2 protein chains.
Amino acid sequence: MTKENLSTCYNRIKPYIHKTPVLTSRLVNKQVGAEVFFKCENFQKTGAYKMRGATNAIMQLTKEQKRKGVLTHSSGNFAQALSLAAQSLNVKATIIMPSNSPKVKKNAVVEYGGNIIECKPTIEARQTLANKIAKETGASFIHPSNDPNVIMGQGTACLELLKEQPNLDSIFCPVGGGGLIAGSALAAHYFGYNCHVYGGEPFEADDAYRSLLSGKIETNKSVNTIADGLRTQLGHHNFPIIQNHVKQIIRVSENEIIEAMCFIWQRMKLIIEPSSAVAFAAVLKEKEQFKDKKIGIIISGGNVDINNLPFNN
Amino acid sequence: MTKENLSTCYNRIKPYIHKTPVLTSRLVNKQVGAEVFFKCENFQKTGAYKMRGATNAIMQLTKEQKRKGVLTHSSGNFAQALSLAAQSLNVKATIIMPSNSPKVKKNAVVEYGGNIIECKPTIEARQTLANKIAKETGASFIHPSNDPNVIMGQGTACLELLKEQPNLDSIFCPVGGGGLIAGSALAAHYFGYNCHVYGGEPFEADDAYRSLLSGKIETNKSVNTIADGLRTQLGHHNFPIIQNHVKQIIRVSENEIIEAMCFIWQRMKLIIEPSSAVAFAAVLKEKEQFKDKKIGIIISGGNVDINNLPFNN
């Protein structure tokens, strides 16, 4: 994945995505002791950056592949993204969703034209079902994070941020499957000036942190975190990029996630999902390290069920 | 208040305010059947458009007046705005607040350097106290809405929106004290092309609607609305402007306000306060009238207590 690949990818998907705003807050800067720039992918189509990778992946298929449709399994945001991207490109999308996915996310998939097939909430169940459907229909399976075309698409959020703020010292992303941080790390490597990429990860799903320590892909035994977008596993496409280009992964507790989310909601008036709050929580936790720096944070999404919030007591 | 007055006012306050983004949503457009542009003053400093009027009013004082400080009574957003505007301009601000104001708003006033004096939650109590303090300290009383300099300042949000979207057919504002809608009506009159201004008002505090009907300023007997920013009364400065330049005031129920607020939160990922939802509720209610039009909505603010929301059951 070269600098040119990333530029071409950005130009390819540009007509299908929003250029999201970059917002700042005097109060956040004061709190962090640094200049913080929020890349608001919660305002992206379908409410999350995933629209970028989904669009790129579908656009790279052959005409014949497009005719047979696309297929993924996703606990949420990639499901919506693939549905809308497919609809925009006149392709049929089948989405395998765990039966315990939030209702608000299931509804959105249907609204964006995706065809949901439910499965048990285990990695094995969804993989078996995906293989079965791909075999029967000839649909192209597109992984939510472990796919070079998806990774490049996700990296365009960071690319856009760097076009607007070329002098960022550091960029923070949440780490789930690793697509966003791998794409961002490539974008920062090619388009930043000495710009380092950091990950925020919940203690409760810290496979990426442990994988960097051990040098091989580790798995999560349980994923008991409020950050539902980060319950997934690293893959073999994004892990080497993370090893080569991510400076550090900072782990945060569930309380730190909720406090960070509450702060952004109350003070910045932005609806962000818990997974996005993980990146800001990581900045807050290590703020001494980033004093007086210029920091970018990818606000990955805003898909929460507002009837079921962690801080309305 | 001429076109030139408004331009000069805008240039005067520009260094002290945010140029807020204008956001759109495919889903909102589909729902309304029109093109809708949200002017996001919830991202304004202190979380509301009131920063504009407060800044303009203080900047118009003499050096001697500034030395003696400013004074207002406010149930919330103007209190925060005057506090921060005064702090930015190195002026002392005293804020008379009803004792039942939301805690989150009181805390913000203190944070912005305002000096709070509490009073009973009646119009008489706060007016008596304001007169007393003004007499004792020589502080200049600045009314939250019934003041020509405040009205002009508030109008600059609409002016900015029209600079970005010059071809709007209609602009919607919530109506409380009438400062925002009067300023917006002037801005649309001077800077729009055949652009009409509409107000949204709760049935539960419909003094402006009734005032337009009767031709004189009517008062609210009770103000039992969730839109806490709209519980105030029209004044003699803004009423004639509203009579001359506002096309229609559309009343909405409490349920319509909450539904509109919920829709904006869930679909646009914007934290808006109930008062802002009133303007969008008015659009939804009369959407047949505005089919295929280009509509601007001033999202007046985002100051809600996220620990006390109307839709988290």
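Residues numbered from 1 in each chain as written. Chains lettered and ligands numbered in written order. Predicted model: local features only at pLDDT ≥ 70, side-chain atom pairs only at ≥ 80, totals over all residues.

Novice: Just checking my understanding: could you explain the overall build of chain A for this structure?
Specialist: Scanning chain A from N- to C-terminus turns up 13 helices and 10 strands. Against the compact-globule benchmark of 20 Å for 313 residues, chain A has a radius of gyration of 18 Å, which places it among compact chains. Residue burial in chain A is summarised as follows: out of 313 residues, 55% are buried. Across chain A, the fraction of contacts at a sequence separation of at least 24, relative to all contacts at a separation of at least 6, is 75%. (Helix = DSSP H or I, 4+ residues; strand = E, 2+ residues; numbered from the N terminus. Rg over C-alpha atoms; globule rule 2.2 N^0.38 Å. Buried ≥ 20, exposed ≤ 12 C-beta atoms within 10 Å, placed from the backbone. Contact = placed C-beta atoms within 7 Å.)

Novice: How should I be thinking about the environment of Gln80(B) in this particular structure?
Specialist: Residues and elements named next belong to chain B. On the secondary structure map, Gln80 appears in helix 5 (residues 77-88). Note: C-alpha distance between Gln80 and Val109 (29 residues apart in sequence) is 4.7 Å. When neighbours within four sequence positions are excluded, Gln80 is seen to be in contact with Thr46, Lys105, Ala108, Val109 and Tyr112.

Novice: Is there a simple way to explain the relation of the copies chain A and chain B in this structure?
Specialist: Each of the two chain copies goes to the other by way of a rotation about an axis and a shift along it. Under the fitted operation, chain A is carried onto chain B by 0.0 Å of movement along the axis and a turn of 180 degrees, and the coordinates agree to an RMSD of 0.0 Å. These values place the two chain copies in the arrangement generated by a two-fold rotation axis. Using C-alpha coordinates, one finds that chain A approaches the rotation axis most closely at Leu270(A), a distance of 2.7 Å. In this assembly the copies share their binding face: 100% of the residues contributing to the interface of chain A also contribute to that of chain B. (Least-squares fit on C-alpha atoms with pLDDT ≥ 70 in both.)

Novice: Could you clarify how one ought to interpret the nonpolar core in this entry?
Specialist: Across soluble globular proteins, nonpolar side chains have a tendency to be buried as a group. Counting residues in hydrophobic clusters, the biggest one holds 194 residues, and the most contacted among them are Leu82(A), Ile297(A), Ile298(A), Leu82(B), Ile297(B) and Ile298(B). Filtering out sequence-adjacent residues up to four positions away, Ile298(B) remains in contact with Lys39(B), Glu41(B), Tyr49(B), Ala157(B), Cys158(B), Ile171(B), Cys173(B), Leu180(B), Ser184(B) and Ala279(B). (Core = buried A, V, L, I, M, F, W, Y, C linked by C-beta atoms within 7 Å.)

Novice: It is not clear to me how unusual backbone geometry should be interpreted in this structure. Could you clarify?
Specialist: Backbone phi values are negative for most residues with the exception of glycine, while trans is the configuration of most peptide bonds. Residue Asn194(A) is not a glycine yet carries a positive backbone phi of 55 degrees. Structurally, Asn194(A) can be placed in the loop between helix 9 (179-191) and strand 8 (196-202). Given 8 C-beta atoms within 10 Å, Asn194(A) falls into the exposed group. Non-glycine residue Asn90(B) carries a positive phi angle of around 60 degrees. The class of Asn90(B) is exposed, set by 9 C-beta atoms lying within 10 Å.

Novice: Would you mind showing me how to read the packing of helix 3 (residues 50-59) of chain A against helix 5 (residues 77-88) of chain A here?
Specialist: Helix packing geometry: the angle between the two helix axes and the distance between the axes. Residue and element names in this part refer to chain A. Between helix 3 and helix 5, the least distance of the axes is 8 Å, while the angle of their chain directions is 45 degrees. The angle between helix 3 and helix 5 falls in the class oblique. For the element pair helix 3 and helix 5, the recorded crossing hand is right-handed. Contacts between helix 3 and helix 5 involve Lys50, Met51, Ala54, Thr55 and Ile58 from the former and Asn77, Phe78, Ala81, Leu82, Leu84, Ala85 and Ala86 from the latter. (Axes fitted to C-alpha atoms, helices over the stretch in contact; angles between N-to-C directions. Parallel < 35°, antiparallel > 145°, perpendicular 65-115°, else oblique. Left-handed = near helix turned anticlockwise from the far one by under 90°.)

Novice: Please explain the domain arrangement of chain A as it appears in this structure.
Specialist: Note: interface size is frequently given as the accessible area lost on complex formation between the parts. Residues and elements named next belong to chain A. By the assigned domains, chain A splits into domain 1 (3-47 + 147-299) and domain 2 (51-141). The distance between the C-alpha centroids of domain 1 and domain 2 comes to 24 Å. Of all the secondary-structure elements, those providing two or more residues to the side of domain 1 that touches domain 2 are helix 1 (3-13) and helix 8 (148-164). Here the residues of the side of domain 1 that touches domain 2 are counted per class, giving 8 nonpolar, 8 polar and 5 charged. (Domains from an automatic or database assignment. Nonpolar A, V, L, I, M, F, W, Y, C, P; charged D, E, K, R; others polar.)

Novice: Which parts of the structure should I look at to understand the sheet that holds strand 1 (residues 22-23) of chain B?
Specialist: Two strands in a sheet stick together by hydrogen bonds in their backbones, pointing the same way (parallel) or opposite ways (antiparallel). Residues and elements named next belong to chain B. On the basis of which strands lie adjacent, the open sheet formed by 6 strands has the order 1-2-10-7-8-9 and mixed pairing. A single partner strand is all that each edge strand has here, and the edge strands are strand 1 and strand 9 (246-252). Inspection of the sheet shows strand 8 (residues 196-202) paired to strand 9 by 6 bridges, in the parallel sense. Of the residues in strand 9, the one forming a bridge with Glu201 is Arg251. (Pairing = 2+ DSSP bridges.)

Novice: Quick question: what am I supposed to make of the confidence of the model for chain A here?
Specialist: Parts of the model with low pLDDT should not have their predicted coordinates read in detail. In this model, chain A carries an average pLDDT of 95, and 99% of its residues clear a pLDDT of 70 or more. Reported confidence for the predicted complex is 0.89 by ipTM and 0.91 by pTM. (pLDDT = per-residue confidence, 0-100.)

Novice: How should the sheet that holds strand 5 (residues 115-119) of chain B be read in this particular structure?
Specialist: Residue and element names in this part refer to chain B. Within the open sheet, the 4 strands sit side by side as 5-4-3-6. Their pairing is parallel. Only two strands of the sheet have a single partner each, and these edge strands are strand 5 and strand 6 (140-141). In the sheet, strand 3 (residues 70-73) pairs with strand 4 (residues 93-98) via 4 bridges, with the strands oriented parallel. Looking at strand 4, one finds that Thr72 is bridged to Ile95.

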